[in-house]
Amino acid sequence: MKRSNEIAIEKDSMGTMVELTGAFEGIASIRIAQVRDQVLHSQQFFGDLWQIYSQIRVDEYFHFGRRQSSEKPIEKELMILITSEGGFSGDIDRRLIAAALGKYHPDKNAIIIVGSHGANQLTQLGVPYVKRFKTPDSDLKIHTEPLIREVKKYTSTVVFYERYKSLMSQDIREIRLSSAVMERGQQVERGKDVIDESNYIFEPSTYAVVDHLENSMMQIMLSEVLLESKLAQYASRFRAMSMARDRAAQALKDTSLVYNRARRQEKDERLKEIINGLRKSIT
């Protein structure tokens, strides 16, 4: 049996683990609240843009902001897979990769991966991707322009991302970018002011303004998707930390019991040694 001083070292380590996992759990909880507020502000801004766009767009189609471009889009559907930057987010990245690859066809699809963790998994599986982007470090300033430039190269885009449901539940969602923008726009109340060429001058042209608005709304939509994905990752991390803290707390409890038994046994042994010593001295 281990000596009490050896068990005490293990007990201190378990206590430190409980404190650390509790701290990480708290940080994840704070980040979740911050990201949810950011998503709400983003949705409000999207609504303002859609009110303008819905009044001045020249047809019923969403052109991905490339109406003015002479480049012909690639005849493939782009798949954007949004994962975490590190591997400390439970199994949600693995589930996302599995869901996306279930619909992937090399001759019909091209993959762009966001997040090093997902990129590593694709590499291990031998699945090629055309570009890799880093998961944004900041939750406040998310730059999606590089992604939008890639989106405009293809005929259509589908995004796979991790969605937050609750602290203990996250799932995988798939959206088509143009449909998601249009569906969001249909939920926005139409503005009272009439905005058209009869009372406004659009420079350099109406088409250019419409393209700019489409670009902006796609950026907002992708920003929200990235934020939603980070929200799910924080929640997954919170769950992982909560489970780790519970395991560490139980291990601490078990180690404390072992420590107390070892201490009692050592005291009993010392007491026996004292008594035996007294007996020998008497005899």
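Just so you know, these numbers come straight off a predicted model, no measurement behind them.

Colleague: When you look at the nonpolar core in this model, what are you seeing that I'm missing?
Modeller: What tends to happen in soluble globular proteins is that the nonpolar side chains get buried as a cluster. Ile80, Ile82, Val159, Val181 and Met218 are the most contacted members of the largest nonpolar core, which has 37 residues in total. When residues of this core are traced back to their parent elements, those giving at least two are α1 (4-56), β1 (74-82), β2 (109-114), α4 (145-151), β4 (154-166), α5 (177-186) and α6 (206-282). For this core, the element with the highest residue contribution is α6, accounting for eleven residues. In this view, Val159 contacts Ile80, Ile82, Arg173, Glu174, Ile175, Leu222 and Val225; residues no more than four positions away in its chain are not counted. The next biggest cluster of nonpolar side chains, apart from the first, holds 13 residues, and it includes Leu96, Ile111, Leu122 and Val158.

Colleague: What am I meant to see in the packing of helix α2 (residues 92-101) against helix α3 (residues 116-125) here?
Modeller: Two packed helices can be described by the angle between their axes and the distance between those axes. Where α2 meets α3, the closest approach of the two axes is 10 Å, and the angle between their N-to-C directions is 55°. In terms of axis orientation, α2 runs oblique to α3. The crossing of α2 and α3 is right-handed. Residue-level inspection shows Asp93, Arg94, Ile97 and Leu101 of α2 in contact with α3, the latter providing His117, Gly118, Gln121, Leu122 and Leu125. Considered class by class, the residues forming the contact of α2 with α3 number four nonpolar, three polar and two charged.

Colleague: Would you take a moment to explain the environment of Ala232 for this structure?
Modeller: Turning to its location among the elements, Ala232 is positioned in helix α6. Ala232 gets classed as buried once you look at its relative accessible area, which sits at 0%. Sequence separation between Ala232 and Tyr164 is 68 residues; the distance between their C-alpha atoms is 4.3 Å. Residues contacting Ala232, with those up to four places away along its chain left out, are Ile92, Glu162, Arg163, Tyr164 and Gln170.

Colleague: What is the right way to read the environment of Lys153 from this model?
Modeller: In this structure, Lys153 sits in the loop between α4 and β4. Looking at Lys153, the relative accessible area reads 38%, which means it is partly exposed. Spatially, the C-alpha atoms of Lys153 and Arg66 are 9.1 Å apart, while their sequence positions differ by 87 residues. Contacts of Lys153, omitting those with residues within four sequence positions, involve Pro73 and Ile74.

About the thresholds
Residues numbered from 1 in each chain as written. Predicted model: local features only at pLDDT ≥ 70, side-chain atom pairs only at ≥ 80, totals over all residues. Heavy atoms only, no water. Core = buried A, V, L, I, M, F, W, Y, C linked by side-chain atoms within 4.5 Å. Buried < 20%, exposed > 50% of the residue type's maximum accessible area, 1.4 Å probe, protein only. Helix = DSSP H or I, 4+ residues; strand = E, 2+ residues; numbered from the N terminus. Contact = heavy atoms within 4.5 Å. Axes fitted to C-alpha atoms, helices over the stretch in contact; angles between N-to-C directions. Parallel < 35°, antiparallel > 145°, perpendicular 65-115°, else oblique. Left-handed = near helix turned anticlockwise from the far one by under 90°. Nonpolar A, V, L, I, M, F, W, Y, C, P; charged D, E, K, R; others polar.

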